[in-house]
Amino acid sequence: MTARRFMLATAIACLAAAPAATWAVTPAVKTSITVTHAWVRLLPLDLPAGGYAVIINNSATPARLTGASSPAYRSVMLHQSTQSGGMSRMHMVKQLVIPPHGRVQLAPGSYHLMLTHATHTIAVGDKVPVTLHFADGKTLTVDFAVRPANAH
């Protein structure tokens, strides 16, 4: 293999191994939050979509998720669904603490992102960028895969 092909193969391998979500800071700063399994449940008509993911805190201090935004939706809110007396309820949450070296799952029937008022037509199979906002001022932009209403 020529040196040029070796360098090209190495560059491609490095890009393929890059994380899907990284802090919006200089590349020299180590990422302490990672996000996996990010997806949006697309509902019909103009119903709000639900955003789900696993947020992992790799640092020794708690991380506080205080909000989110997306160019694909005019509003993104942090919500929690609860069950009480056979009734499902949902309420807005001001922040979500991700414990040191821990994780929090945004999932149906639990904590989730509520995405409302799409800015353009969104279809199953699309990727929707969502920026997570943390109390320390850092942000993390993650591509959420769009899935159908019956996805779990």
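Rules of the game
Residues numbered from 1 in each chain as written. Predicted model: local features only at pLDDT ≥ 70, side-chain atom pairs only at ≥ 80, totals over all residues. Heavy atoms only, no water. pLDDT = per-residue confidence, 0-100. Helix = DSSP H or I, 4+ residues; strand = E, 2+ residues; numbered from the N terminus. Contact = heavy atoms within 4.5 Å. Core = buried A, V, L, I, M, F, W, Y, C linked by side-chain atoms within 4.5 Å. Buried < 20%, exposed > 50% of the residue type's maximum accessible area, 1.4 Å probe, protein only. Pairing = 2+ DSSP bridges. Phe/Tyr/Trp six-rings, centres within 6.5 Å; stacked < 30°, edge-to-face > 60°.

**Overview of the confidence of the model for the chain**
Averaged over every residue, the pLDDT of the chain is 84; the share at 70 or more is 80%. The least confident element of the chain is helix α1 (residues 3-17), whose mean pLDDT is 35; the most confident is strand β3 (residues 49-57), at 98. Predicted confidence for residues 1-30 stays below pLDDT 50, and this span has 19 contacts to residues more than four positions away or in other chains.

**Here we look at the nonpolar core**
Judged by nonpolar contacts, the single largest core of 31 residues is most densely connected at Y73, L113 and L132. The residues contacting Y73, other than those within four sequence positions of it, are V40, L42, A49, L115, T116, H117, A118, T119, I122 and V128.

**Some points on the pairing of strand β5 (residues 73-84)**
Bridge count for β5 against strand β9 (residues 111-118) is seven bridges, and the pairing is antiparallel. In the sheet register, S75 faces β9, and the bridge partner there is T116. In this structure, β5 lies alongside strand β6 (residues 87-92), joined through six bridges in antiparallel fashion. Across the sheet, the residue bridging to T82 is R89, located in β6. Between the end of β5 and the start of β6, which pair antiparallel, lie two residues, with G85 showing a positive phi angle near 60°.

**What about unusual backbone geometry?**
Non-glycine residue L45 carries a positive phi angle of around 60°. Within the secondary structure, L45 is located in the loop between β2 (33-41) and β3. Judged by its relative accessible area of 84%, L45 falls in the exposed class. In this structure, H117 is a non-glycine residue whose phi angle is positive, near 60°.

**With respect to the packing of aromatic side chains**
Enumeration according to the criterion identifies one aromatic pair in this entry. A ring pair is formed by W39 and Y52, whose centres lie 4.7 Å apart and whose planes are at 45°; its orientation type is tilted. Taken together, the residues W39 in strand β2 and Y52 in strand β3 connect sequence positions 13 residues apart. Relative accessible area serves as the criterion here: at 7%, Y52 is assigned to the buried category.

**A look at the environment of H101**
Structurally, the position occupied by H101 is in the loop between β7 (96-98) and β8 (103-106). A relative accessible area of 60% places H101 in the exposed class. Once residues within four sequence positions are removed from consideration, H101 is found in contact with N57, N58, S59 and A60.

**As for the pairing of strand β4 (residues 63-69)**
Two strands pair when backbone bridges link them, and β4 and β7 are joined in this way by three bridges, in the antiparallel orientation. Directly across from A63, in β7, lies its bridge partner I98. In this structure, β4 lies alongside strand β10 (residues 127-134), joined through four bridges in antiparallel fashion. Residue pairing for β10: G67 is matched across the bridge by H133.

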